[in-house]
Amino acid sequence: MLEQNVQGQQIYVEGSSNKSALAGIFLMLLVLFGYVFYTRGLAMDVGKTNADISSKNLQIEQSKAKVAEMTKAEKELDLSSEVKKTELLKSVPKDIDQDQIIRDLIDTAKVHDIKLNSIGFGKGSSSKEGVGSLRINASFEGNYNDLVSFLESLEQNARVLIVDSINVQLGKTDLLDSTRATFSLSMQAFYLKK
């Protein structure tokens, strides 16, 4: 194709070929397909991410519910410190632990100048689910005032001991003309059943 410019000279301008138009269309289609495949992959990733977020939100809600339940139980039981939790476990331990009961009774008797004559154990029953009872029968010897202070110490023992019955026999000693008491205690201690 020939064109004339202002000065009368002829300039040859070649016509655009179909090849460059096809190449342009091909490139446009290639970009379009690349965009579609790329965004489809992103859409799948977004779907997976949304599913992960939903499951994590569910786990967070379940954890919040557990924390709220534990906080409520902690307030009901007044277990605001580790010390109180440890004290609670000492008062009703996870096992029978007869040895510790024997040591506690011996130590408490020595402090109050009382002699431990005998001690016997037997399993009892408890009205609370998951809690077992250990029956304790013990015989002691000492004076009446020591008996009272001994019983007060048992009330303050870390382990819960409930005195069911007390049997006291008073007698006089010839040497010092003093009154000695022989007393038998029937008690219960508690433990958590496994």
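Scoring rules and cut-offs
- Residues numbered from 1 in each chain as written.
- Predicted model: local features only at pLDDT ≥ 70, side-chain atom pairs only at ≥ 80, totals over all residues.
- Heavy atoms only, no water.
- Helix = DSSP H or I, 4+ residues; strand = E, 2+ residues; numbered from the N terminus.
- Buried < 20%, exposed > 50% of the residue type's maximum accessible area, 1.4 Å probe, protein only.
- Contact = heavy atoms within 4.5 Å.
- Areas by Shrake-Rupley, 256 points an atom, 1.4 Å probe, with all protein chains shown as cover.
- Core = buried A, V, L, I, M, F, W, Y, C linked by side-chain atoms within 4.5 Å.
- Polar contact = N/O pair within 3.5 Å; in protein donor to acceptor, adjacent residues only side chain to side chain.
- Phe/Tyr/Trp six-rings, centres within 6.5 Å; stacked < 30°, edge-to-face > 60°.
- Axes fitted to C-alpha atoms, helices over the stretch in contact; angles between N-to-C directions.
- Parallel < 35°, antiparallel > 145°, perpendicular 65-115°, else oblique.
- Left-handed = near helix turned anticlockwise from the far one by under 90°.
- Nonpolar A, V, L, I, M, F, W, Y, C, P; charged D, E, K, R; others polar.
- Pairing = 2+ DSSP bridges.
- Expected span 1.5 Å × (residues − 1).

A.B. asks: Any chance you could break down the overall build of the protein for me, citing the residues and the numbers?
C.D. replies: Helix and strand content of the protein: four helices and six strands. Helices (α) and strands (β) of the protein occur, in sequence order from the N terminus, as β-β-α-α-α-β-β-α-β-β. Looking at the protein residue by residue over its 194 residues, the buried ones come to 19%. Contacts in the protein between residues at least 24 apart in sequence constitute 61% of all its contacts with a sequence separation of at least 6. Approximately 14900 Å² of the protein is accessible, and the part contributed by carbon and sulfur atoms is 57%.

A.B. asks: I'd love a proper account of the nonpolar core, names of residues and values included.
C.D. replies: One finds Ile136, Phe140, Phe150, Leu154 and Leu185 to be the most contacted residues of the largest nonpolar core, which totals 17 residues. Looking at this core, the elements that each hand over two or more residues are α3 (98–111), β4 (131–142), α4 (144–155) and β6 (179–192).

A.B. asks: Could you give me a rundown of the side chain of His112, with the residues and numbers involved?
C.D. replies: Relative to the elements of secondary structure, His112 occurs in the loop between α3 and β3 (115–124). On the basis of relative accessible area, His112 is assigned to the buried category, the value being 16%. At 2.5 Å, the side chain of His112 and the side chain of Ser153 are in polar contact. In this structure His112 touches Asp146, Ser149, Phe150 and Ser153, once residues within four positions along its chain are discounted.

A.B. asks: I'd love a proper account of the packing of aromatic side chains, names of residues and values included.
C.D. replies: As enumerated under the stated definition, the model contains three aromatic pairs in all. An aromatic cluster of three or more residues is present, and its members are Phe140, Phe150 and Phe183.

A.B. asks: I'd like to hear about the packing of α3 against α4, residue by residue, with values.
C.D. replies: For the pair α3 and α4, the least separation of the axes is 9 Å and the interaxial angle reads 140°. On the basis of the axis angle, α3 is oblique to α4. In terms of crossing hand, the pair formed by α3 and α4 is right-handed. Residues Leu105, Thr108 and Ala109 of α3 pack against Phe150, Ser153 and Leu154 of α4. Its residues assigned to classes, the contact of α3 with α4 shows four nonpolar, two polar and no charged.

A.B. asks: Please provide a residue-by-residue account of the sheet that holds strand β5 (residues 161–172), values included.
C.D. replies: As summarised here, the arrangement of the four strands in space is β3-β4-β6-β5, forming an open sheet in which the pairing is antiparallel. In the strand order of this sheet, the two ends are held by β3 and β5, each with one partner. This sheet shows a mean twist of 15° between the axes of neighbouring strands, independent of strand direction. With nine bridges connecting them, β3 and β4 associate as antiparallel partners. Pairing of Gly124 across the sheet is with Ser133, part of β4. Along the sheet, α4 makes contact with β4, β5 and β6, crossing β6 at roughly 10°.

A.B. asks: Help me get a handle on the environment of Ile166, residues and values and all.
C.D. replies: Of note, Ile166 is situated in strand β5. The partly exposed category is assigned to Ile166, whose relative accessible area is 43%. Each C-alpha atom, one on Ile166 and one on Asn137, is 9.9 Å from the other, the two residues being 29 residues apart in sequence. Not counting chain neighbours up to four residues away, the residues in contact with Ile166 comprise Leu151, Ser184 and Leu185.

A.B. asks: Explain α4 residue by residue, including any values.
C.D. replies: The terminal C-alpha atoms of α4, which comprises 12 residues, lie 17 Å apart, in line with the 16 Å expected from a rise of 1.5 Å per residue. All of the buried residues along α4 are Asp146, Leu147, Ser149, Phe150, Leu151 and Leu154. Lining the buried residues of α4 we find α3, β4, β5 and β6. For α4, the N-terminal capping position is held by Asn143, with its side-chain oxygen 3.2 Å away from the main-chain nitrogen of Asn145.

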